[in-house]
Amino acid sequence: MTDEDTTTDDDVRADGSGIVAPDDETPTWRERKERTQGLSQLTYEYFERARREDQDLRQESDYVERDVLAFPTWPHEIIRNLAIASFFVGMLLFLSATLPPHIGDPANPSSTPAIILPDWYLYWSFGLLKLGPLNPELSILGGQKLMADRTYGVLANLVVVGFVAIVPFLNKGSARRPVEQPFWAAVGVGGVIFAFTISIYSAKNLLPMNVHLAFDLTFLLPIVGGFITWAVLKTMREGYMYDLNRRYYRLRPPK
Amino acid sequence: MADEFVKGLGIFTGAGLAWMVLAGWYRTPSFESEQQLVSPVSLGESATMFDTLGVLLMDMFFWFTIIGALTFWVGIPVIRQAREAIEERAQ
């Protein structure tokens, strides 16, 4: 690199930001002719305008562009992951070698255990099967229930799963932190609390409290928790500094 | 400060792991019992010198876990703060 090179670098910018296109992007005469009519012209103008707008946005932005957006997979990430994986594999080997658990007696199929529960991550679904008190006794049917309690519980699973599936369509999740969308943050907190309460309710025969109170709390606590979340986040919005985050919006602007 | 914290954490986890393994050998009658790692030590007639050594090491690791971590998390910071306060008062 000599002094002459640096001076010419100032005059001719080869990164596409100047008027002169870089050599490998300079269109040939045939390409220029192809772009002068019809769909090819429309496509060219569209992409050229999009590129121009992107370039203008980057130039007037105060966002610091980095050459390196992340670490390369090899060697940085691989070496780090190997170290982590080696640690956990070593810990597994160490514990299984030093503290081998005793193998218990085989399960007795002829005796029913006193406590029957699914695995812990299915407690919420098990709790939904116990929503019998919500199953209405319809007067139009002469006090009969439309469906059995167990059918009602299975349908309740469909309702909950369906709601979880619909939420992404109602809210795309463009907020970076809960304070930006207090309502949806409250919905999320309420859902998490409901997951816990319905899981606790699934073991209602083991609860040291009134079953009816537990049933009411199962549905009231999520609402209360969600409302508190909403109120706190609404209050926090007052002092929330949007200016601090303006630079991030340049990369992915809010709706 | 961060250095002292990670020293204490290293002692706490490392020595704690060693204590847990030895207590699993000498103070755990069964992994299905309700008294694991804390039931009284019972060395049988067939206990060798290594078993006696293991019980001794178990107690040493236990106290090293507690005292070592407390030294780096509480003791050394307290001494430093006190020394700074004394120097400030002297000026």
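Residues numbered from 1 in each chain as written. Chains lettered and ligands numbered in written order. Predicted model: local features only at pLDDT ≥ 70, side-chain atom pairs only at ≥ 80, totals over all residues.

Novice: It is not clear to me how the overall build of chain A should be interpreted in this structure. Could you clarify?
Specialist: When its secondary structure is counted, chain A shows nine helices and two strands. Along its sequence from the N terminus, chain A presents helices and strands in the succession α-α-α-α-α-β-β-α-α-α-α. A buried classification covers 7% of the 255 residues belonging to chain A. (Helix = DSSP H or I, 4+ residues; strand = E, 2+ residues; numbered from the N terminus. Buried ≥ 20, exposed ≤ 12 C-beta atoms within 10 Å, placed from the backbone.)

Novice: Got a minute to help me understand the UniProt feature "transmembrane region" (unreviewed entry) in chain B in this structure?
Specialist: Residue and element names in this part refer to chain B. As annotated in UniProt, the feature "transmembrane region" (unreviewed entry) corresponds to residues 9-26 and 60-79 in the numbering used here. Secondary structure over residues 9-26 splits into 100% helix and 0% strand, and the C-alpha atoms at its two ends are 25 Å apart. Between the end C-alpha atoms of residues 60-79 there is a gap of 25 Å, over a span that is 100% helix and 0% strand. (UniProt positions renumbered as here; feature names shortened; annotations may be inferred.)

Novice: Looking at this model, I keep getting lost on the UniProt feature "transmembrane region" (unreviewed entry) in chain A. Mind explaining?
Specialist: Residue and element names in this part refer to chain A. Those residues carrying the UniProt feature "transmembrane region" (unreviewed entry) are residues 82-103, 152-171, 183-201 and 213-233 in this numbering. Helix makes up 77% of residues 82-103 and strand makes up 0%, while its end C-alpha atoms are separated by 32 Å. Within residues 152-171, the helical portion is 95% and the strand portion 0%, while the C-alpha atoms at the span's ends are 29 Å from each other.

Novice: It is not clear to me how the interface of chain B and chain A should be interpreted in this structure. Could you clarify?
Specialist: A common way to report how large an interface is uses the accessible area buried once the components associate. In this complex, chain B contributes five residues to the contact, which on the side of chain A involves five residues. When its residues are assigned to classes, the side of chain B that touches chain A shows two nonpolar, two polar and one charged. (Contact = placed C-beta atoms within 7 Å. Nonpolar A, V, L, I, M, F, W, Y, C, P; charged D, E, K, R; others polar.)

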